[in-house]
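Listed here are the chains, written in short residue letters.
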Amino acid sequence: MENQSMEKQSELYRGKAKTVYTTADPNFLILEFRDDTSAFDGERIEQLSRKGMVNNRFNHFIMSKLAAAGIPTQMERLLSDTECLVKKLDMIPVECVVRNRAAGSLVRRLGVEEGLELNPPTFELFLKNDALHDPMVNETHAIAFGWATAEQLAEMKRLTFAVNAVLKSLFDEAGMLLVDYKLEFGVFEGTIVLGDEFSPDGCRLWDKETLTKLDKDRFRQGLGGVVEAYEEVAKRLGVELPA
Ligand code: ADP
Ligand code: UDP
């Protein structure tokens, strides 16, 4: 049964970057990280060689660090270069974003300078809906529309900041600034658990000295060297990657 449950059964969902498969055990899913890279709510998609492997291994590394720090995560184990076994969560369709510095949509929305330090770090919610371009929402929307309860939102916020405490220093020690990041949570047996992925696809990382961008902004802005930058981040953290 243990062996059987590690096999992919059927495709449950094909997202923009990952494919989700069922297993023989209804409590577990397999996430397959593909090389597809999308921006602008899926309007632009390209295949970047090695990206699936790098993000899968990176995500496993980060989720293991977070679990060790007491944050409940989906992660069970790495299955292959591009696959991991995770708890099947009942996903909450709201993304949690923490920002330590201004970038991206915050700069566009408020006209502040990119790189501005945010003290305290900000916390924002976005509805996961590509057709509506992931609009920003607040807690009362989430509760009124039944996306999450007040208690679940409070726990998501607490965990999102707990992640900041762990990862800000992890990246700092490796010479990088954690500018911002997006997390997705779900419910497993009644508790809020961190799901989806943490990788350079869903956060902003800048070199501490040169402020060089080492994340998906390289793709969004056509800067090139996207996977090379992700591999550099992985190398600095000590994530093992096959040649
Ligand atoms: P998108 O749906 O934005 O195109 P992906 O390509 O990353 O994104 O697809 C992965 C999908 O799997 C997402 O919809 C995500 O919410 C969902 N997901 C991630 N982790 C889990 C999990 N542990 N349990 C159930 N669903 C998950
Ligand atoms: N982000 C993400 N998925 C989304 C929207 C945002 O992973 O659908 C991440 C993004 O990579 C960045 C952070 O969340 O690290 C904040 O994104 P922002 O609101 O600035 O939007 P963007 O300009 O990146 O679309």
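Refer to the structure printed above.
In this text, all values refer to a predicted model and were calculated from it rather than measured experimentally. (Residues numbered from 1 in each chain as written. Chains lettered and ligands numbered in written order. Predicted model: local features only at pLDDT ≥ 70, side-chain atom pairs only at ≥ 80, totals over all residues. Heavy atoms only, no water.)

Colleague: Give me the site of ligand 1: which residues, what numbers.
Modeller: By nearness alone, 16 residues border ligand 1, and Tyr13, Lys16, Ala17, Lys18 and Gln74 come closest of all. Within the side chain of Lys18, a nitrogen or oxygen atom sits 2.5 Å from an oxygen atom of ligand 1. In the model, a nitrogen atom of ligand 1 is placed 3.0 Å from a nitrogen or oxygen of the Asp196 main chain. For ligand 1, the accessible surface in isolation is 560 Å², of which the surrounding protein chains cover 89%. Listed by contribution, the elements that provide at least two residues to the shell around ligand 1 are strand E2 (18–22) and strand E7 (83–87). Across the shell around ligand 1, the residue classes break down as seven nonpolar, two polar and seven charged. (Near = heavy atom within 4 Å. Polar contact = N/O pair within 3.5 Å; in protein donor to acceptor, adjacent residues only side chain to side chain. Areas by Shrake-Rupley, 256 points an atom, 1.4 Å probe, with all protein chains shown as cover. Helix = DSSP H or I, 4+ residues; strand = E, 2+ residues; numbered from the N terminus. Nonpolar A, V, L, I, M, F, W, Y, C, P; charged D, E, K, R; others polar.)

Colleague: Go over the side chain of Glu184, please, and point to the residues and values.
Modeller: With respect to the helices and strands, the residue Glu184 is situated in strand E11 (residues 176–188). A distance of 2.9 Å separates the side chain of Glu184 from the side chain of Lys182, its partner in a polar contact. Glu184 has contacts with Met91, Glu95, Lys128, Val193, Leu194, Gly195 and Asp196, leaving out every residue within four places of it along the chain. (Contact = heavy atoms within 4.5 Å.)

Colleague: I'd love a proper account of helix H4 (residues 150–173), names of residues and values included.
Modeller: Between its first and last C-alpha, H4 extends 35 Å over 24 residues, near the 34 Å set by a 1.5 Å rise per residue. Where H4 is concerned, the buried positions are Leu153, Met156, Leu159, Thr160, Val163, Asn164, Leu167, Leu170 and Phe171. One or two steps after H4, the chain reaches Gly175, where phi turns positive at roughly 80°. (Expected span 1.5 Å × (residues − 1). Buried < 20%, exposed > 50% of the residue type's maximum accessible area, 1.4 Å probe, protein only.)

Colleague: Go over the site of ligand 2 with me, naming the residues and quoting the values.
Modeller: Taken together, 17 residues lie around ligand 2, and Arg99, Ser105, Asp180, Arg204 and Arg220 are the ones closest in. Contacts to ligand 2 include Asp134, whose side-chain N or O atom sits 2.9 Å from an oxygen atom. One of the side-chain N or O atoms of Asp180 is found 2.6 Å from an oxygen atom in ligand 2. Protein chains shield 82% of the accessible area of ligand 2, which is 510 Å² for the free molecule. Of all the secondary structure elements, the ones that give two or more residues to the shell around ligand 2 are strand E8 (90–101), helix H2 (104–110), E11 and strand E13 (203–207). Of the residues contributing to the shell around ligand 2, the split by class is five nonpolar, three polar and nine charged.

Colleague: Give a detailed account of the nonpolar core, specifying residues and quantitative values.
Modeller: Residues Phe58, Ile62, Leu167, Phe171, Phe198 and Leu237 are the most contacted members of the largest nonpolar core, which totals 47 residues. A total of seven residues in this core trace back to one element, the largest contributor, which is H4. In this structure, Leu237 is in contact with Phe58, Phe61, Ile62, Leu170, Phe171, Ala174 and Met176, ignoring residues within four places of it in sequence. Grouped together as the second largest cluster of nonpolar side chains are eight residues, Val54, Phe219, Val226 and Tyr230 included. (Core = buried A, V, L, I, M, F, W, Y, C linked by side-chain atoms within 4.5 Å.)

Colleague: Describe the sheet that holds E7, naming the residues involved and giving the relevant values.
Modeller: The five strands are arranged E1-E2-E3-E7-E6 in an open sheet whose pairing can be described as antiparallel. Either end of the sheet is taken by a strand with one partner, and the two such strands are strand E1 (11–14) and strand E6 (75–78). Between one strand and the next, the sheet's axes are offset by a mean angle of 25°, whatever the strand orientation. In the sheet, E2 pairs with strand E3 (residues 28–33) via five bridges, with the strands oriented antiparallel. Considered in E3, the bridge of Thr19 is made with Glu32. (Pairing = 2+ DSSP bridges. Axes fitted to C-alpha atoms, helices over the stretch in contact; angles between N-to-C directions.)

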